[in-house]
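Below are the chains, spelled out letter by letter.
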Amino acid sequence: MFSNNMMLAQLLQDMQDPEMMREAQKMMNDPAFKERMKQVTENDAFKTSMENTQEMMKDKDKVKELEDSMKKRVEEGSKELEDFKKKSAEAEEEEKKNKEEMKPKNKTMKKKTSSKKKKGGKKK
């Protein structure tokens, strides 16, 4: 349902949202989060991955290739995200319409009135 490119595009949009960034800042200030990050960064696999990334970033051609790839992925993800939001809005509208159709119709009963004139009107 969600592609990696679409999640990447959503992440970049979220990073532009001040409220989202305030929440992220709160999370990063949490001592439990800091402890977890310390554990992650002390992991040998993480350290090796970071060293490999730093080495790769020294190659200007590789950096250019990665930048181009990332731009393409963000463009694709943004289009997918836009399409997803449009389809979601259409589905919600359709669901709302169907709910309205399923509601019982309130038939208002008109008060019955007699068409006959009342007897015993005014005497002369």
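Keep in mind that what you see is a predicted model, and the values were worked out from it rather than measured. (Residues numbered from 1 in each chain as written. Predicted model: local features only at pLDDT ≥ 70, side-chain atom pairs only at ≥ 80, totals over all residues. Heavy atoms only, no water.)

1. Brief notes about the overall build of the chain
Argument step 1. Assigned secondary structure in the chain consists of five helices and zero strands.
Argument step 2. Listing each helix as α and each strand as β along the chain from the N terminus yields α-α-α-α-α.
Argument step 3. Within the chain, buried positions represent 6% of all 124 residues.
Argument step 4. Sequence separation of 24 or more characterises 69% of the internal contacts of the chain that already satisfy a separation of 6 or more.
Argument step 5. Surface summary for the chain: the accessible area is close to 12300 Å², and the carbon and sulfur share equals 55%. (Helix = DSSP H or I, 4+ residues; strand = E, 2+ residues; numbered from the N terminus. Buried < 20%, exposed > 50% of the residue type's maximum accessible area, 1.4 Å probe, protein only. Contact = heavy atoms within 4.5 Å. Areas by Shrake-Rupley, 256 points an atom, 1.4 Å probe, with all protein chains shown as cover.)

2. Some thoughts on helix α4 (residues 44-56)
Argument step 1. A rise of 1.5 Å per residue sets the reference length of α4, with its 13 residues, at 18 Å; its end C-alpha atoms lie 18 Å apart and thus fit the reference within 8%.
Argument step 2. N-cap assignment for α4: the residue whose side-chain oxygen lies 2.7 Å from the backbone N of Ala45 is Asn43. (Expected span 1.5 Å × (residues − 1). Polar contact = N/O pair within 3.5 Å; in protein donor to acceptor, adjacent residues only side chain to side chain.)

3. Observations regarding the pattern of salt bridges
Argument step 1. In the structure shown here, the tally under the stated rule is seven salt bridges.
Argument step 2. A salt bridge links Arg22 to Glu19, with the shortest nitrogen-to-oxygen separation between them at 2.8 Å. Placement of both Arg22 and Glu19 in helix α2 (residues 18-29) is noted, with a separation of three residues, approximately one turn of the helix.
Argument step 3. Using a relative accessible area of 47% as the deciding quantity, one classes Arg22 as partly exposed.
Argument step 4. Between Glu76 and Lys72 there is a salt bridge whose closest N-O contact spans 4.0 Å. (Salt bridge = Lys/Arg side-chain N within 4 Å of Asp/Glu carboxyl O.)

4. Thoughts on the packing of helix α1 (residues 4-14) against helix α5 (residues 60-102)
Argument step 1. Their axes nearest at 7 Å, the elements α1 and α5 cross at an angle of 90 degrees. Looking at the two axes, α1 sits roughly perpendicular to α5. Two secondary-structure elements touch here, α1 through Asn4, Asn5, Met6, Leu8, Ala9, Gln10, Leu12 and Gln13 and α5 through Met70, Arg73, Val74, Glu76, Gly77, Ser78, Glu80, Leu81, Phe84 and Lys85.
Argument step 2. A per-class count over the contact of α1 with α5 returns eight nonpolar, six polar and four charged. (Axes fitted to C-alpha atoms, helices over the stretch in contact; angles between N-to-C directions. Parallel < 35°, antiparallel > 145°, perpendicular 65-115°, else oblique. Nonpolar A, V, L, I, M, F, W, Y, C, P; charged D, E, K, R; others polar.)

5. Thoughts on a negative patch on the surface
Argument step 1. There is a patch of like negative charges on the surface, built from Glu92, Glu93, Glu94, Glu95 and Glu101.
Argument step 2. Within the fold, Glu92 resides in helix α5.
Argument step 3. Owing to a relative accessible area of 57%, Glu92 belongs among the exposed residues under this scheme. (Patch = residues over 30% accessible without salt bridge, like charges linked within 9 Å, V, L, I, M, F, W, Y side chains within 5 Å. Lys, Arg positive; Asp, Glu negative; His and termini not counted. Charge placed at Lys NZ, Arg CZ, Asp CG, Glu CD.)

6. Considerations on a nonpolar patch on the surface
Argument step 1. Taken together, the side chains of Leu11, Leu12, Met15 and Met21 present a nonpolar region at the surface, about 340 Å² in accessible area.
Argument step 2. Its location among the elements puts Leu12 in helix α1.
Argument step 3. For Leu12, a relative accessible area of 36% corresponds to the partly exposed category.

7. Overview of α5
Argument step 1. Taking 1.5 Å per residue as the helical rise, α5 with its 43 residues ought to reach 63 Å, and the 62 Å between its terminal C-alpha atoms agrees with that figure.
Argument step 2. Looking only at α5, the buried set comprises Val63, Gly77 and Leu81.
Argument step 3. In this fold, the buried residues of α5 make contact with α1 and α4.
Argument step 4. Put simply, Asp59 is the residue that caps the front of α5, since its side-chain oxygen is 3.1 Å from the backbone nitrogen of Asp61.

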